[in-house]
Amino acid sequence: MSDSISPISSVVWADPARAHAFQTWLAPLAAQHMLDLSTLRPASADASFRRYLRLDRQTGGSLIVMDAPPDKENCAPFVQVQALMEQAGLNVPHILDWNQPDGFMLLSDMGSRTLIEVLDPAKPRDAELWYRHAVDLLLQWQLSSQPSVLPPYDEALLRRELQLFPDWYVAQHRQVTLDDKQQATLSKAFDQIVAHNLQAPSVYVHRDFMARNLMLPSDPSQPLAVLDFQDAVYGPITYDIASLLRDAFLTWDEDFVIDITVRYWEKARKAGLVGATSATGWGDDFGEFYRAVEWMGLQRHLKVAGIFARLTLRDGKPKYLADTPRFIHYIRTTCNRYRQLGPFLQVIDAIENIQPQVGYAYGRM
């Protein structure tokens, strides 16, 4: 939630009735929490219909208001997952007040700098301690997992997410119509991706665990704060580590990715989340685990390419498409590494109008 000092007039309400509901809700809270209403200003927006506002307190510090129109955003999952993460000992925003009918929430302010703002992909050594810390937070979250609490990240959801790629990225953004052979290749690849991903044991999945959603604490003695967790599910253990290291907004060399993934895998195995001492016995070999992370990452990158296209074409948020080449690179790299995905790579290259190249840095498997 990056700070942006702006006059109160910059907080625009498209609906006067909603503006009135906001003022009615906030007025009694202002006295209770010593809020200076003249400091109301945008804090950040995200890819959804939520936005965040910041208010200074007369006693120092600030609080955050979540504005989530209930006809577009359901805050109940945010509240549920916040409680689960807090119980797991993670540093998450405290909910000070929730106006459920109108979709307003008053939250503690976790700071104004996200982890991504201090990272430089050219300096992985400087990032290593942050990523090791993030891995520890991820394991802490996963170790608190219980079945039947969060929605399942099952085959149906995996396939719905994958379908965003042909529906929005291919057909709408690229305006490409796949022929019957290409469509069959895509369907087969999706079958393979889903089958690989469902082999991994299930844990709590943040679903967008990356540097942009980890907040630097204002107090250096405190852990990173975790944000944007409302879409959490119960599913493949490989998802969040793939999300962290194959980031939507920055790219690391594979040596760094492998190093952090090994550290995560060793701790997960020691904790009994994967490996011989786990309930399933799955993932005892790092090579097997790393391949599973790559296949999980492939599902995520296809999904996010579709989401970024939809954000541009449906929701009028074109900035996200600027990062699409990163996803296509991730997708092509993984497809080039695994022989069974070779035909799918040809379809991707046709969509992107890329002439096949030889000489990737990764070996084929």
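Here goes a summary of the coordinates provided. (Residues numbered from 1 in each chain as written. Predicted model: local features only at pLDDT ≥ 70, side-chain atom pairs only at ≥ 80, totals over all residues. Heavy atoms only, no water.)

**Observations concerning the packing of aromatic side chains**
Two aromatic rings are characterised by how far apart their centres lie and by the angle between their planes. For clarity, the threshold we go by: Centres within 6.5 Å are what make two rings of Phe, Tyr or Trp a pair, Trp counting through its six-membered ring; a difference in plane orientation under 30 degrees is then read as stacked, over 60 as edge-to-face, and the rest as tilted. Each helix is a run of DSSP H or I of at least 4 residues and each strand a run of E of at least 2, with the numbering of both proceeding from the N terminus. Only protein chains enter the area calculation, which uses a 1.4 Å probe; residues under 20% of their type maximum are buried, those over 50% are exposed, and those in between are partly exposed.
This model, assessed by the stated rule, comprises 23 aromatic pairs. Where Trp141 meets Tyr204, the ring centres are 4.9 Å apart and the plane angle is 35 degrees; that geometry is what we call tilted. Of the two residues, Trp141 is situated in helix α3 (residues 124-143) and Tyr204 in strand β6 (residues 202-205); the sequence distance between them amounts to 63 residues. Assigned by exposure class, Trp141 and Tyr204 land together as buried. Here Trp295 and Tyr338 contribute two aromatic rings whose centre-to-centre distance is 5.6 Å and whose plane-to-plane angle is 50 degrees, an arrangement assigned as tilted. Placement of Trp295 in helix α8 (residues 286-313) and of Tyr338 in the loop between α9 (324-337) and α10 (342-352) is noted, with a sequence separation of 43 residues between them.

**With respect to the pattern of salt bridges**
Under the convention used in this document: By definition here, a salt bridge exists when the distance from a side-chain nitrogen of Lys or Arg to a carboxyl oxygen of Asp or Glu is within 4 Å.
As enumerated under the stated definition, the model contains 24 salt bridges in all. Between Asp109 and Arg54 there is a salt bridge, with the nearest N and O atoms lying 2.7 Å from each other. Of this pair, Asp109 sits in the loop between β5 (104-108) and α3 while Arg54 sits in strand β2 (residues 51-57), placing them 55 residues apart in sequence. Both residues of the pair, Asp109 and Arg54, count as buried. The salt bridge partner of Glu155 is Arg159, with a shortest N-O separation of 2.9 Å. With Glu155 and Arg159 both in helix α4 (residues 155-173) and four residues apart, this pair spans about one turn of that helix. On the basis of relative accessible area, Glu155 is assigned to the partly exposed category, the value being 38%. Relative accessible area serves as the criterion here: at 31%, Arg159 is assigned to the partly exposed category. By sharing partners, the salt bridges in this structure join Glu128, Arg132, Asp259 and Arg263 into a single network.

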